[in-house]
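Architecture at a glance
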Amino acid sequence: MYDLIIIGSGPAGLGAAIYAEQARLNTLVIEKAAMSGGQILLTEAVDNYPGMPGISGMDLGEAFGAHARKLGLEPQREKILSLENISGEIKTIRTKKHEYQAKALILAFGAEHRKLDIPGEDDLSGLGVSYCATCDGAFYKDRIAVVVGGGNVAAEDAVFLSGLCERVYLVHRRDALRADQTLQEKIFACENIEMVWDSVPLEILGQDEVTGLKIRNIKTNEERELTADGVFIAVGIVPNTTLVKDQLKLDENGYICAGEEGVTSAPGVFAAGDIRTKALRQVVTAVSDGANAVASAQKYLWRKDNGND
């Protein structure tokens, strides 16, 4: 029986683990991946985390993990099969080999960038393929970039990159953007952004680094290659909420409804990081979420232990 089980060991989960250890809570961290760090492990460099300018995502993830290990918090590496009775006083977690129980849970499953699922995407991830223009854009100064997408994030990425890159292609499968009108106005005002309408990506080109993107026009079926140094994919994010979709209140996009304190619709269950409803999904906000979730869990446990439900 644990006071607290944290599921996930990205920045939110590890941030929570560190604060839980300082609070002297009997804590277990469960992580399905072989390495801790979450999505930042796929980031070429992180230039906006205070005190660590230019650190690689891999190194930052390892630094987080090393901090947790120094405190004796080595994640139990197992895939969770089910979460049971999470609205009850004792929550049960089942894996293939074990059953764990806790008084409180912090869910830090994270979210995944929706992928294009085309050749070259996985092989060149971190080698010119990026899902975060604000994280990696500086590495493409005076170079050529392609942004794939048509919503607000894609539009924001294109405008941001236009201030750095020689040329930015914005590839969209329709003949009009879905982005807010103000963002569209900014795009059309940028002379170095070239719209590529009615087109879908077929393959990201390159061997050791990105050299271009092969696309197809869905109206003419014409295929062509865009020469580029970087491909920024902005076609949405998918929260990892499958395990709790029928047990917690989610918003229309599948994110767990929870404010900055991490409080969810189930007593004693808290959400931290990219999995929860929030405006900004960055490493720094994920770490903050982890700390806030532990503070909320402490309050919940204190009330339960003192009979103040």
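Everything discussed here concerns the structure shown above.
The notes below deal with the structure included here. Bear in mind the structure is a predicted one, so any value in this text is a computation, not a measurement. (Residues numbered from 1 in each chain as written. Predicted model: local features only at pLDDT ≥ 70, side-chain atom pairs only at ≥ 80, totals over all residues. Heavy atoms only, no water.)

**A few points about the overall build of the protein chain**
Heads up, the condition is: By the criteria applied, helices consist of DSSP H or I runs no shorter than four residues and strands consist of E runs no shorter than two, each listed in order from the N terminus. Radius of gyration means the value over C-alpha atoms here, while the globule rule gives 2.2 Å times the residue count to the 0.38 power. Note on exposure labels: buried denotes an accessible area under 20% of the residue type's maximum, exposed denotes more than 50%, and partly exposed covers the range between, all computed with a 1.4 Å probe on protein chains only. In what follows, residue pairs with any heavy atoms lying within 4.5 Å of each other are defined as contacts. Accessible surface is estimated by sampling points in the Shrake-Rupley manner with a 1.4 Å probe; for residues, cover comes only from the protein chains shown. In this tally, Lys and Arg are treated as positive and Asp and Glu as negative; His is ignored, and so are the chain termini. For this purpose, a charge sits on NZ of Lys, CZ of Arg, CG of Asp or CD of Glu.
Scanning the protein chain from terminus to terminus reveals 6 helices and 17 strands. Against the compact-globule benchmark of 19 Å for 309 residues, the protein chain has a radius of gyration of 21 Å, which places it among compact chains. Considered along the principal axes of its C-alpha atoms, the protein chain spans approximately 65 × 35 × 35 Å. Burial statistics for the protein chain: of 309 residues in total, 51% are counted as buried. Long-range pairs, those at least 24 residues apart, make up 57% of the contacts in the protein chain between residues at least 6 apart in sequence. Entry remark: accessible area of the protein chain is about 15,000 Å², with carbon and sulfur atoms responsible for 47%. Charged side chains of the protein chain number 32 positive and 44 negative; the gap between the two group centres comes to 6 Å.

**Regarding the environment of His172**
Mapped onto the secondary structure, His172 falls in the loop between strand 10 (167-171) and helix 5 (181-189). Among the residues examined, His172 registers a relative accessible area of 3% and is labelled buried. Between the C-alpha atoms of His172 and Met1, which are 171 residues apart in sequence, the distance is 51 Å. In contact with His172, not counting residues within four places along its chain, are Gly149, Gly150, Leu177, Arg178, Val196, Trp197, Asp198 and Ser199.

**Looking at the nonpolar core**
The test is simple: The criterion is simple. A nonpolar core is a set of buried Ala, Val, Leu, Ile, Met, Phe, Trp, Tyr and Cys residues joined through side-chain atoms within 4.5 Å.
Formed by 30 residues in total, the largest nonpolar core has its most connected members in Leu4, Ile6, Leu60, Phe64 and Ile106. Top contributing element to this core by residue count: helix 6 (residues 283-305), with 8 residues. The residues contacting Ile106, other than those within four sequence positions of it, are Leu4, Ile5, Ile6, Ile7, Ala16, Phe270, Ala272, Ala293 and Val294. Listed in part, the 21 residues of the second largest apolar core include Leu105, Ile256, Ala271 and Ile275.

**Structural notes on the pairing of strand 2 (residues 27-31)**
Stated formally: Note: two strands are recorded as paired if DSSP finds a minimum of 2 bridges between them. The handedness rule is simple: strands pointing away from the viewer, and a clockwise path from the first strand over the helix to the second, make the crossover right-handed.
Judged by how many residues are buried, strand 2 sits mostly within the fold: 5 of 5 residues are covered. Side chains of strand 2 alternate between two faces, with Thr27, Val29 and Glu31 and Leu28 and Ile30 buried alike. Bridge count between strand 1 (residues 2-7) and strand 2: 4 bridges; the pairing is parallel. Its bridge partner lying in strand 2, Ile5 is registered against Leu28. In this fold, the crossover linking strand 1 to strand 2 by way of helix 1 (residues 11-22) has right-handed handedness.

**Re the pattern of salt bridges**
Worth spelling out the cut-off: A pairing counts as a salt bridge when a side-chain nitrogen of Lys or Arg comes within 4 Å of a carboxyl oxygen of Asp or Glu.
For the structure shown, the criterion picks out 16 salt bridges. As a salt-bridge pair, Lys304 and Glu89 come within 3.5 Å of each other at their nearest N and O atoms. Separated by 215 residues along the polypeptide, Lys304 in helix 6 and Glu89 in the loop between strand 4 (80-84) and strand 5 (91-95) bring together distant segments of the chain. Judged by its relative accessible area of 27%, Lys304 falls in the partly exposed class.

**Focus: the packing of helix 1 against helix 2 (residues 57-70)**
Filter applied, for reference: An axis is simply a line fitted to the C-alpha atoms; with a helix, the fit covers only the stretch in contact. Between two such axes, the angle follows the N-to-C directions and lies from 0 to 180 degrees. Convention used here: angles under 35 degrees read as roughly parallel, angles over 145 as roughly antiparallel, angles from 65 to 115 as roughly perpendicular, and any remaining angle as oblique. Crossing handedness: left-handed means the near helix sits turned counterclockwise from the far one by under a right angle, and right-handed means the same turn made clockwise.
Taken N-terminus to C-terminus, the directions of helix 1 and helix 2 make an angle of 25 degrees; their axes are 10 Å apart at the nearest point. The orientation of helix 1 with respect to helix 2, classified from their angle, is roughly parallel. In this structure, helix 1 crosses over helix 2, and the sense of that crossing is left-handed. Within the contact between the two elements, helix 1 uses Pro11, Leu14 and Ile18 and helix 2 uses Phe64, Gly65, His67 and Ala68.

**Concerning the sheet that holds strand 12 (residues 199-206)**
Taken together, the 3 strands give an open sheet; going across it, the order is 12-13-14, and neighbouring strands pair in antiparallel fashion. Lying at the two open borders of the sheet, with one neighbouring strand each, are strand 12 and strand 14 (223-227). Taking each pair of neighbouring strands and ignoring which way they run, the sheet shows an average axis angle of 25 degrees. With 7 bridges joining them, strand 12 and strand 13 (residues 210-217) adopt antiparallel strand pairing. Considered in strand 13, the bridge of Ile204 is made with Leu213.

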